[in-house]
Amino acid sequence: MKICVHGAGAWGTAVAVNAAARHEVTLWARDAAQADAMSAARENTRYLPGLALPASLAVRAGDIAQAQAGADLVIVATPMAALREQLIALRGTTVPVAWLCKGVEPALDSTSPTAFGLLAHEIWAQVAPELKAGVLSGPSFAQEVAEGRPTALVAASPHAGVRDALVDAFHGPALRVYANDDIVGVEVGGAVKNVLAIATGLCDGLALGLNARAALITRGLAEMTRFGLALGARADTFMGLSGLGDLVLTSTGDLSRNRKVGLLLAQGRTLAQAVDSLGHVAEGVYCARTVVQRARGLGIEMPIAEGVVALLDGQVSPRDAVAALTGRDPVPESVQAGSVPRHSS
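Residues numbered from 1 in each chain as written. Predicted model: local features only at pLDDT ≥ 70, side-chain atom pairs only at ≥ 80, totals over all residues. Heavy atoms only, no water.

What to know about the domain arrangement of the chain
One widely used convention gives an interface's size as the accessible area the parts lose upon coming together.
Then, number 1: Along its sequence, the chain is organised into domain 1 (2–181) and domain 2 (191–327).
Then, number 2: One C-alpha centre belongs to domain 1, the other to domain 2; they are set 25 Å apart.
Then, number 3: Taken together, the 27 residues of domain 1 in the interface contact 23 residues of domain 2.
Then, number 4: Across the interface of domain 1 and domain 2, roughly 1900 Å² is buried in total on both sides, 64% from carbon and sulfur atoms.
Then, number 5: Counting across the interface, domain 1 meets domain 2 through three salt bridges.
Then, number 6: Here E122 makes a salt bridge to R294, at a shortest N to O gap of 2.8 Å.
Then, number 7: Between the two partners, domain 1 and domain 2, sit six residue pairs in polar contact (both at pLDDT 80 or more). (Domains from an automatic or database assignment. Contact = heavy atoms within 4.5 Å. Buried area = accessible area lost by both parts, 1.4 Å probe. Salt bridge = Lys/Arg side-chain N within 4 Å of Asp/Glu carboxyl O. Polar contact = N/O pair within 3.5 Å; in protein donor to acceptor, adjacent residues only side chain to side chain.)

Comments concerning the pattern of salt bridges
Proximity of charged atoms lets side chains of opposite charge pair with each other.
Then, number 1: This model, assessed by the stated rule, comprises 13 salt bridges.
Then, number 2: Linking E85 and R30 is a salt bridge whose minimum nitrogen-to-oxygen distance equals 3.6 Å. With E85 in helix α4 (residues 83–89) and R30 in the loop between β2 (24–28) and α2 (32–41), the pair connects residues that are 55 residues apart, well separated along the chain.
Then, number 3: Bridged by salt links that share partners, the residues D204, R213, D254 and R259 form one connected network. (Helix = DSSP H or I, 4+ residues; strand = E, 2+ residues; numbered from the N terminus.)

Some remarks on the UniProt feature "domain: Glycerol-3-phosphate dehydrogenase NAD-dependent C-terminal" (unreviewed entry) in the chain
Then, number 1: UniProt feature "domain: Glycerol-3-phosphate dehydrogenase NAD-dependent C-terminal" (unreviewed entry): in the numbering of this structure it lies at residues 182–322.
Then, number 2: Taken end to end, residues 182–322 is 74% helix and 0% strand, and its first and last C-alpha atoms sit 33 Å apart. (UniProt positions renumbered as here; feature names shortened; annotations may be inferred.)

Some points on the pairing of β2
A regular strand places its side chains on the two faces of the sheet in alternate fashion.
Then, number 1: For β2, the tally of buried residues reaches four of five residues, placing the bulk of the element in the interior.
Then, number 2: The pairing of strand β1 (residues 2–6) with β2 spans five bridges and is classified as parallel. Each bridged residue has a counterpart across the sheet, and for V5 the counterpart in β2 is L27.
Then, number 3: Pairing between β2 and strand β5 (residues 58–60): three bridges, direction parallel. Counted as the bridge partner of L27 is V59 from β5. (Buried < 20%, exposed > 50% of the residue type's maximum accessible area, 1.4 Å probe, protein only. Pairing = 2+ DSSP bridges.)

Focus: the nonpolar core
Burial of nonpolar side chains together is a common tendency in soluble globular proteins.
Then, number 1: In this structure, L83, L87 and W99 are the most contacted members of the largest nonpolar core, which totals 66 residues.
Then, number 2: Looking at this core element by element, the count peaks at 12 residues for helix α8 (residues 183–205).
Then, number 3: For this core, the domains that each give at least three residues are domain 1 (2–181) and domain 2 (191–327).
Then, number 4: When near neighbours in sequence (up to four residues on either side) are disregarded, W99 contacts V76, L83, L87, A120, H121, W124, A133, G134, V135, L136, I183 and E187.
Then, number 5: Ranked by size, the runner-up nonpolar core spans 39 residues in total, among them A35, L73, A98 and A169. (Core = buried A, V, L, I, M, F, W, Y, C linked by side-chain atoms within 4.5 Å.)

A look at the UniProt feature "active site" (unreviewed entry) in the chain
Then, number 1: Annotation from UniProt places "active site" (unreviewed entry) at K193.
Then, number 2: Tracing the sequence through the fold places K193 in helix α8.
Then, number 3: Under the relative-accessibility criterion, K193 is labelled buried at 6%.
Then, number 4: Not counting the four nearest positions on each side in its chain, K193 is found in contact with K102, M224, D246, L247 and T250.

Written out as structure tokens, the structure is:
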């Protein structure tokens, strides 16, 4: 296949490196100086230092239409904030398009208390519904994918042709790709797990123990599932790679940027200091408020996500945020979609 990857950050570079072993791949960078430096050094020194780029991988900048000419598949590997612009630019593209970003778009009207950002598939439906598109998601750190370590991902789209193209492009001995038509559930998992990872990082930073971490992950999965069901997702999706799998990885892995935010806040860093220290985008910081706003509008309780928002807004201290969660009144464990089942007499 001929594949064009838009975006030369860590994840875009990792996916391009992986695919270049079997396909003709062009990695397009917005910054011409970055593209020139990567081509000369055969390394992405900013985002994946120490990893040699294969000789077969072409790195380009400039005219993106020229870079993707003749491509069989276009991959958008930008942060969520740039997805709208990318999809608008891709209008009229006839080959499958897939994005890698996880989270929600920043609210277009930040002054409105009722405005909230959209999930990627909602942006797609709004600006370029004619595209045959989908998402490649799941539990994955860019560094490990680029190194060829075993990883499993999900190719989600309502279009079978898009799912098939993603499987053909990336499925191999180390990287396994599974198809799923529940794009809503896959994207909810990819967004909400980032918020929950901040909470587990906070828990670990306060040295509350492994029991507390397990409880947060488990109850976080329940929150994610309730939220997704209210948006039309399927429950089984959240027991798969893009739900439970990605939640566990992002909440416990040392390479997780969102978990690191929680760790740093627990150490007394300000939010600005925590974010500035990362060098990458931590999507959970930017999508937490939207998740909570939408949950409230749907009548869904998400106490962990609400606690994260209060912490990020500086309304509570790290210890008070955890105390608010552990001090909640008991409810039946089997709460589904925001409703509490009645006890039998």
